[in-house]
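If you want the building blocks of each chain, they are given just below.
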Amino acid sequence: MWSSRNRTETVTCLACGVDVARSDAREYDKHGDRWDRDDKTFEHLCKSCHGDLCHQPRDGLEDLLVDLEAGEADQVTFLGRYLSTVEERYGRLEEGQD
């Protein structure tokens with residue numbers, strides 16, 4: 001088991017900003033590999049926000065966000081770039097599609 005002596009008792013949910021007990025949070029690894037723990041620091045999600053996530057594979061998502069300079073542009077500009085790039089790479093997503 002992993003040592004808990006260097007772990008804080010509370011963490012902040014990266015989605016909603018609420019402070020929760022570490023035991024009530026879920027670790028989030030932006031690289032999608034939470035099992036390879038060497039030299040990593042994890043962000044955390046409260047259980048509610050974690051449950052709201054899509055748990056589908058996200059291969060390439062972090063690279064795409066970096067390419068699109070996520071966090072650098074305003075939300076409207078970023079979302080326009082994101083939708084345009086996703087449609088270009090993967091095709092148009094049709095609503096109501098199963």
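Remember, predicted model here, so these are calculated numbers, not experimental data.

Parameters at a glance
Residues numbered from 1 in each chain as written. Predicted model: local features only at pLDDT ≥ 70, side-chain atom pairs only at ≥ 80, totals over all residues. Heavy atoms only, no water. Phe/Tyr/Trp six-rings, centres within 6.5 Å; stacked < 30°, edge-to-face > 60°. Helix = DSSP H or I, 4+ residues; strand = E, 2+ residues; numbered from the N terminus. Buried < 20%, exposed > 50% of the residue type's maximum accessible area, 1.4 Å probe, protein only. Core = buried A, V, L, I, M, F, W, Y, C linked by side-chain atoms within 4.5 Å. Contact = heavy atoms within 4.5 Å. Salt bridge = Lys/Arg side-chain N within 4 Å of Asp/Glu carboxyl O. Pairing = 2+ DSSP bridges. pLDDT = per-residue confidence, 0-100.

Enumeration according to the criterion identifies 1 aromatic pair in this entry. Their ring planes at 35 degrees and their centres at 6.0 Å tell us that F78 and Y82 sit as a pair that is tilted. Linking F78 with Y82, this pair stays in helix 3 (residues 75-90), spanning 4 residues, or about one helical turn. Overall, the relative accessible area of 14% leaves F78 in the buried class. Here Y82 falls in the partly exposed class, since its relative accessible area comes to 25%.

This paragraph deals with the nonpolar core. Formed by V11, C13, V20, A25, L45, C46 and C49, the largest nonpolar core amounts to 7 residues. Sequence-distant contacts of C13, defined by excluding residues within four places in its chain, comprise V18, H44, L45, C46 and C49.

Moving on: the environment of V11. Note that V11 resides in strand 1 (residues 10-12). The sequence separation of V11 and S23 amounts to 12 residues, and the corresponding C-alpha distance is 9.3 Å.

With that settled, the discussion passes to the pattern of salt bridges. Counted by the stated rule, this structure contains 2 salt bridges. A salt bridge links R89 to D67; its shortest N-O distance comes to 3.9 Å. Here R89 is found in helix 3, whereas its partner D67 is found in helix 2 (residues 61-67), with 22 residues between them in sequence. Owing to a relative accessible area of 45%, R89 belongs among the partly exposed residues under this scheme. R92 serves as the salt-bridge partner of E87, at 3.3 Å between the closest nitrogen and oxygen. E87 gets classed as partly exposed once you look at its relative accessible area, which sits at 37%.

Let us now look at the pairing of strand 3 (residues 25-28). Only one face of strand 3 is covered, namely the face carrying A25 and E27; the face carrying R26 and Y28 is uncovered. Taken together, the 4 bridges between strand 3 and strand 4 (residues 43-46) define a ladder with antiparallel strand orientation. Bridge assignment links E27 to a residue of strand 4, and that residue is H44.

Okay, the confidence of the model for the protein chain next. Of all residues in the protein chain, 83% have pLDDT values of 70 or greater, and the mean over the chain is 82. For the protein chain, helix 2 is the element with the lowest average pLDDT, namely 87, and strand 2 (residues 19-21) is the one with the highest, namely 95.

Attention shifts here to unusual backbone geometry. In this structure, E69 is a non-glycine residue whose phi angle is positive, near 55 degrees. Of note, E69 is situated in the loop between helix 2 and helix 3. Given a relative accessible area of 44%, E69 falls into the partly exposed group.

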